[in-house]
Amino acid sequence: MLLKLLPAESPRLGALLDILESPRALWTDFGIRSLSTSDLFYDRPNAVGDAPYWRGPIWINLNYLILEALQHYSQVSTVHGARAGHLHDRLRDNLLRTILGEHQTTG
């Protein structure tokens, strides 16, 4: 989906949107998590003293790809387009609020 290779009318697209939108899986008020909260490796360190990169927190580069894909599918899918567009707008707002909030906090 992130590379926009999934056919626009694929039933898998709807299932992926379900996962993206689920707060128990990937959705947060800050952006999309890099790993589902139900995954065994969620928020576990990579090694002793090494933060859990790519294991839970949001990553802007991943969220950028998701935004691009959601915008794409909102324009080309008749079945999932409206939902993809709605998720795009919500995710964009969450990311902007997160980035601007961090900028205001840390400068």
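Rules of the game
- Residues numbered from 1 in each chain as written.
- Predicted model: local features only at pLDDT ≥ 70, side-chain atom pairs only at ≥ 80, totals over all residues.
- Heavy atoms only, no water.
- Helix = DSSP H or I, 4+ residues; strand = E, 2+ residues; numbered from the N terminus.
- Polar contact = N/O pair within 3.5 Å; in protein donor to acceptor, adjacent residues only side chain to side chain.
- Contact = heavy atoms within 4.5 Å.
- Buried < 20%, exposed > 50% of the residue type's maximum accessible area, 1.4 Å probe, protein only.
- Arc of directions from axis to C-beta.

Draft legend 1. Quick peek at the side chain of His80. Among the secondary structure elements, His80 is positioned in the loop between α2 (60-76) and α3 (81-106). Of note is the side chain of His80, whose polar atom sits 3.2 Å from the backbone oxygen of Ser10. If near-sequence neighbours (up to four positions away) are discounted, His80 is found in contact with Ala8, Ser10, Leu13, Gly14 and Leu17.

Draft legend 2. Representation of the environment of Pro52 within the structure. Note that Pro52 resides in the loop between α1 (11-21) and α2. By relative accessible area, which is 18% here, Pro52 ends up buried.

Draft legend 3. Region of the structure containing unusual backbone geometry. At Lys4, a position not held by glycine, the phi torsion is positive, near 65°. Structurally, the position occupied by Lys4 is in the segment before α1. Located in the positive-phi region is Asp43, a residue other than glycine, with phi close to 60°.

Draft legend 4. Examining α1 more closely. For α1, the complete set of buried residues consists of Leu13, Gly14, Leu17 and Leu20. Take α1 and look down its axis: the buried residues cluster within an arc of 120°, on one side only. Along α1, the residues that are exposed and aim more than 90 degrees away from the buried face are Pro11 and Arg12. Looking at the packing, one finds that the buried side of α1 touches α2 and α3. Measuring from the side-chain oxygen of the N-cap residue of α1 to the backbone nitrogen of Arg12 gives 3.0 Å; that N-cap residue is Ser10.

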